[in-house]
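The residues making up each chain are set out below.
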Amino acid sequence: MKTTQILSVAAAMAGPIAAQEICEQYGTITQGPYIINNNMWGMDSGTGSQCTTLDGGSDAGVAWHTTWTWSGGENSVKTYPNSGLVLEPKLVSDITSIPSTAEWSYDNTDIRADVAYDLFTAADINHVTYSGDYELMIWLGQYGEVGPIGSVIDSAEVGGQTWDIYNGPNGDMNVYSFVAAEPVTSFDTDIKEFFTYLTEKQSYPADQQYLLTVQFGTEPFTGGEATLTVKNWSASVA
Ligand SMILES: *[C@@H]1O[C@H](CO)[C@@H](O)[C@H](O)[C@H]1NC(C)=O
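Counting from 1, residues in each chain are numbered in the order their sequence is written. In view of the model being predicted, local features appear only for residues whose pLDDT reaches at least 70, and side-chain atom pairs are presented and counted only at 80 or more, with totals across whole chains, interfaces and linings using the full set of residues. Derived side-chain values reflect all non-hydrogen atoms in the structure, with water molecules and hydrogen atoms excluded from consideration.

Caption draft 1: Spatial organisation of the overall build of the protein. Strands here are runs of E lasting at least two residues and helices are runs of H or I lasting at least four, both read from the DSSP assignment and numbered beginning at the N terminus. When you go through the protein residue by residue, the secondary structure sums to 2 helices and 16 strands. Every radius of gyration here is taken over C-alpha atoms, with the globule rule written as 2.2 Å times N^0.38, N being the number of residues. Expected size for 238 residues packed as a compact globule is a radius of gyration near 18 Å; at 17 Å, the protein falls within 12% of this value. Principal-axis analysis of the C-alpha atoms places the extent of the protein at approximately 45 × 40 × 30 Å. Every residue pair with non-hydrogen atoms within 4.5 Å of one another is taken to be in contact. The long-range fraction of contacts in the protein, counting pairs at least 24 apart against all pairs at least 6 apart in sequence, stands at 69%. Per-residue and other accessible areas were derived by the Shrake-Rupley procedure at a 1.4 Å probe size, with only the shown protein chains allowed to occlude residues. Accessible surface for the protein amounts to roughly 10300 Å². Of this, 48% is attributable to carbon and sulfur atoms. Taking the average place of the 7 positive charges on the side chains of the protein and the average place of its 29 negative ones, the gap between the two points comes to 2 Å. We score Asp and Glu as negative and Lys and Arg as positive, and we do not count His or the chain ends. The location of each charge is read from NZ of Lys, CZ of Arg, CG of Asp or CD of Glu.

Caption draft 2: A look at the site of the ligand. What surrounds the ligand is the set Ala 60, Thr 101, Asn 232 and Ser 234. A distance of 2.4 Å separates an oxygen atom of the ligand from a polar side-chain atom of Asn 232. In isolation the ligand exposes 360 Å². Once the protein is present, 37% of that is buried. Residue classes follow a fixed rule: Ala, Val, Leu, Ile, Met, Phe, Trp, Tyr, Cys and Pro count as nonpolar, while Asp, Glu, Lys and Arg count as charged, and any other residue, Gly among them, counts as polar. Of the residues contributing to the shell around the ligand, the split by class is 1 nonpolar, 3 polar and no charged. Proximity is defined per residue: if any heavy atom of the residue lies within 4 Å of a molecule or strand, that residue is considered near it. What qualifies as a polar contact is a pair of N or O atoms within 3.5 Å, subject to a donor-acceptor requirement within protein and to the restriction that residues adjacent in sequence count only when both atoms come from side chains.

Caption draft 3: Examining the environment of Gln 215 more closely. Within the secondary structure layout, Gln 215 lies in strand E16 (residues 215-235). Distance from Gln 215 to Ile 35, taken between C-alpha atoms, is 9.2 Å for residues 180 residues apart in sequence. Among residues more than four places away in sequence, those in contact with Gln 215 are Tyr 80, Asn 82, Ser 83, Gly 84, Ala 116, Tyr 117, Asp 118 and Trp 233.

Caption draft 4: Just the pairing of strand E9 (residues 112-122), in detail. The element E9 is largely enclosed, with a buried count of 11 among its 11 residues. Buried means the residue's accessible area, taken with a 1.4 Å probe over protein chains only, is under 20% of the maximum for its type, while exposed means over 50%, and partly exposed covers the values in between. The alternating pattern of E9 places Arg 112, Asp 114, Ala 116, Asp 118, Phe 120 and Ala 122 and Ala 113, Val 115, Tyr 117, Leu 119 and Thr 121 on opposite faces, both of which are buried. Whether two strands pair comes down to DSSP finding at least two bridges between them. With 7 bridges connecting them, E9 and E16 associate as antiparallel partners. Its bridge partner lying in E16, Asp 118 is registered against Gln 215. Relative to strand E10 (residues 134-143), E9 runs antiparallel, the two being bridged by 9 bridges. Counterpart to Ala 113 in the pairing with E10 is Tyr 143. As defined by bridge partners, E9 adjoins strand E15 (residues 210-211) across 2 bridges and the pair is classed as antiparallel.

Caption draft 5: The arrangement of the state of the cysteines in detail. Disulfide: a pair of cysteine sulfur atoms within 2.5 Å of each other. Throughout the structure, instances matching the rule amount to 1 disulfide. Between the sulfur atoms of Cys 23 and its disulfide partner Cys 51 the distance amounts to 2.0 Å. Because the torsion about its S-S bond is 115°, the bridge between Cys 23 and Cys 51 counts as right-handed. A residue pair is termed long-range when its members are at least 10 positions apart, and Cys 23 in the loop between strand E1 (20-22) and strand E2 (28-31) and Cys 51 in strand E4 (residues 47-58) qualify at 28 residues. Using a relative accessible area of 27% as the deciding quantity, one classes Cys 23 as partly exposed.

Caption draft 6: Representation of the packing of aromatic side chains in the model. Within 6.5 Å between ring centres, the rings of Phe, Tyr and Trp (the latter by its six-membered ring) count as paired, and their orientation is classed by plane angle as stacked under 30 degrees, edge-to-face over 60, tilted in between. Inspection of every chain in the model, using the stated rule, returns 13 aromatic pairs. Ring centres 5.6 Å apart and planes at 65° place the aromatic pair Trp 163 and Phe 194 in the edge-to-face group. With Trp 163 in strand E12 (residues 161-170) and Phe 194 in helix H2 (residues 192-201), the pair connects residues that are 31 residues apart, well separated along the chain. Ring pairs connect the aromatic residues Tyr 34, Tyr 117, Trp 163, Phe 178, Phe 187, Phe 194, Tyr 197, Phe 216 and Trp 233, which therefore count as one cluster.

Caption draft 7: A look at the environment of Asp 188. Tracing the chain through its elements places Asp 188 in strand E14 (residues 186-190). For Asp 188, a relative accessible area of 63% translates into the label exposed. Along the chain, Asp 188 and Trp 233 lie 45 residues apart, while their C-alpha atoms are 9.7 Å from each other. For Asp 188, the residues in contact, after removing those within four places along its chain, are Ser 100 and Thr 101.

Caption draft 8: Inspection of the environment of Phe 187 at higher detail. Inspection of the secondary structure assignment puts Phe 187 in strand E14. A relative accessible area of 3% means that Phe 187 is categorised as buried. Aside from chain neighbours lying at most four places away, what touches Phe 187 is Ser 100, Thr 101, Ala 102, Tyr 117, Ile 138, Leu 140, Gln 161, Trp 163 and Phe 194.

Next comes the structure, spelled out in structure tokens:
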């Protein structure tokens, strides 16, 4: 009910908007080409709460923050509050560029969490958008003893940064995670370069995979109260 009201407010407004908070599971707010999601997919593995707020934005970028506290199930991801790009699936090999910027900060780093992009691709253009054949994660922040799926297969410079690259399975998904050694709190890149690396170095079939999602957010394991503030996130697909 609350979500419906918020959505209709968002739809009715043009230009700058007042802050809107969502605390319910999978509550969303749409802002131009962006969608904010209070995703709490793994919340049943622990105890806690989370609210996500749209602070403003335009077609050029979106500002939001999320405040959470989670305990229990210490090696399980609880949630993924995120900003995503509303997009039409497109074959990765037909994409020229995916320019994206992320400016963010955490007010409490005594937490076990990551700050990461999450992109899904699949051979089926109609695949559900909460998974894929492949998952590409870009970890800009890594706090506490948490790590990505799989093991390190390479270290490489991609999109202007050096990353440890992990690979492993998440159910049926083949996951590649690029992990920065230190938090990258001001990120400006072309995500297509990550797919180019995967295509050239890891036999990723770019001509058989549709890009389904481009999302940026945080995955809390345990800790808090902590607030991730995203001053500006932008992404587009060309
Ligand atoms: C957000 O980033 C985009 C892309 O760099 C930029 O065009 C836009 O002006 C930024 N917005 C703010 C509020 O800084």
